[in-house]
Amino acid sequence: MKKHKIGLVLSGGGAKGAYEIGVWRALENLQVTELIDGIIGTSVGAMNGALLDTCGLEKAAEVWTNLKQSDLLHLKEDKSRLITETELRPMNNKADYPRLSSKDPEEQRVLQFYRYMDLLQNDMPKDALLQFATNIIHSGFPLTQEKINDLIVQNIRFEQQKRALYAVCIESKSPWNVKVFDLSEYTLDERRRIILASSAIPVVYEGSDGVRIRGTGYLDGGIRVNTPCKEMHELGWTQTITVWLEQKTKPIQMPSGHENIDILPPYSLGGHFGTIWVNRSKKMLDQMRGYYDTMQKRDQILRMAERVS
């Protein structure tokens with residue numbers, strides 16, 4: 001059996017995934033990326049893993065620089081009135097609901113979307129909310145993954161895969177089993193659909209059916225396994241670096257003999273709102289944070305690299 005070197009585990013977290021680009025930049029500066037022979041990711045972690053492996057750091061950073069709000073929250077024209085015609089009230093003061101305003105039309109859209117969801121949760125009668133939820137389970141929110149799919153097609157070169165790449169999804173039907181895809185076992189088009197499926201937030205993008213791969217529907221793996229470090233161990237890696245996108249994280253207890261280095265922000269990257277907020281300055285700041293937090297673990301990372309080299 002082939003002995004693996006270092007496995008990289010990338011969490012899901014939408015727009016907060018810029019942090020993972022900063023982590024990779026630090027690992028590259030430490031000359032550790034050449035020892036990473038396997039990457040597993042959920043949702044944006046799966047997309048980042050494929051980007052970094054097949055296209056390299058600078059291309060991945062360019063993709064994030066050019067990422068627009070409408071790429072993540074792309075409205076379906078026939079349903080956009082559900083958001084654009086909603087009368088909005090001021091946001092409440094919950095921690096994850098920042099008091100933000102913007103002159104950018106795309107940023108206005110996401111603020112409006114977030115306020116709309118707040119309105120539903122707080123002002124809609126329970127029976128009406130239940131009926132609304134039932135409807136969207138079957139038809140999806142007025143959002144589409146069209147732009148995310150374009151991003152994958154235009155930027156990820158699956159034919160240039162260098163490392164073992166894994167993406168985590170869940171089946172779209174009960175009991176919603178976790179599926180870890182080994183991308184090397186699938187066609188190039190199926191790999192695209194796997195990455196798309198791993199980011200398909202249930203109901204929000206794909207209703208209840210998900211993205212179909214070989215006859216089965218799959219959805220965002222973050223619903224069950226947002227940070228798949230145990231799954232990486234089960235694939236054979238006993239030396240791992242795990243990147244978290246949440247501040248309040250309890251590290252997973254790994255089996256005896258497994259060495260893992262956790263990289264996580266000591267402060268919030270924006271909570272639930274940060275998952276959908278695509279803001280240029282925040283993207284740059286999150287990359288800087290990822291770089292700095294990784295460098296804080298420099299000695300520990302270099303010791304692991306020395307053991308596996």
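Residues numbered from 1 in each chain as written. Predicted model: local features only at pLDDT ≥ 70, side-chain atom pairs only at ≥ 80, totals over all residues. Heavy atoms only, no water.

Attention now goes to helix 3 (residues 57-66). Buried residues of helix 3: L57, A60, A61, V63 and W64, and no others. For helix 3, the angular spread of the buried residues around the axis is 155°, confining them to a single face. Across helix 3 from its buried face, at more than 90 degrees, point the exposed residues E58 and N66. (Buried < 20%, exposed > 50% of the residue type's maximum accessible area, 1.4 Å probe, protein only. Helix = DSSP H or I, 4+ residues; strand = E, 2+ residues; numbered from the N terminus. Arc of directions from axis to C-beta.)

With that settled, consider the side chain of N155. Tracing the chain through its elements places N155 in helix 8 (residues 146-155). The class of N155 is buried, set by a relative accessible area of 12%. Here K59 takes part through its side chain, which lies 3.3 Å from a polar atom of the side chain of N155. A polar contact is formed between the side chain of N155 and the backbone oxygen of L151, at a distance of 2.9 Å. The residues contacting N155, other than those within four sequence positions of it, are L51, C55, K59 and V63. (Polar contact = N/O pair within 3.5 Å; in protein donor to acceptor, adjacent residues only side chain to side chain. Contact = heavy atoms within 4.5 Å.)

Scanning all chains against the criterion turns up 3 aromatic pairs. Relative to W237, the ring of Y166 has its centre 6.0 Å away and its plane inclined at 75°; by these criteria the two rings are edge-to-face. Of this pair, Y166 sits in strand 5 (residues 164-171) while W237 sits in the loop between helix 10 (229-234) and strand 9 (239-243), placing them 71 residues apart in sequence. As far as the burial class goes, Y166 and W237 line up, both buried. Ring geometry for F181 and Y186: centres 5.4 Å apart, planes at 70°, overall edge-to-face. By relative accessible area, which is 11% here, Y186 ends up buried. Connected via pairs of aromatic rings, a cluster forms that spans F181, Y186 and Y218. When the ring centre of F181 is taken as origin, the NZ or CZ atom of K179, which lies over that ring, is 5.4 Å away. (Phe/Tyr/Trp six-rings, centres within 6.5 Å; stacked < 30°, edge-to-face > 60°. Lys NZ or Arg CZ within 6 Å of the ring centre and 35° of its normal.)

A word on the pairing of strand 6 (residues 178-182). Strand direction decides the pairing type here: strand 5 and strand 6, joined by 5 bridges, are antiparallel. Bridging from a neighbouring strand, A167 pairs with F181 of strand 6. Connecting strand 5 to the antiparallel partner strand 6 that follows it, the hairpin turn spans 6 residues, and W176 within it adopts a positive phi of roughly 55°. (Pairing = 2+ DSSP bridges.)

Further remarks concern the confidence of the model for the protein. Predicted confidence across the protein gives a mean pLDDT of 83, with 75% of residues reaching 70 or more. Throughout residues 83-99 the model reports pLDDT below 50, and contacts reaching past four residues in sequence, or to other chains, amount to 39 contacts. (pLDDT = per-residue confidence, 0-100.)

Before going further, it helps to examine unusual backbone geometry. With an omega of 10°, the peptide bond between S174 and P175 qualifies as cis. Among the structural elements, P175 can be located in the loop between strand 5 and strand 6. You will see that R214, though not glycine, has its phi angle at about 50°, which is positive. Its place among the elements puts R214 in the loop between strand 7 (211-213) and strand 8 (216-220).

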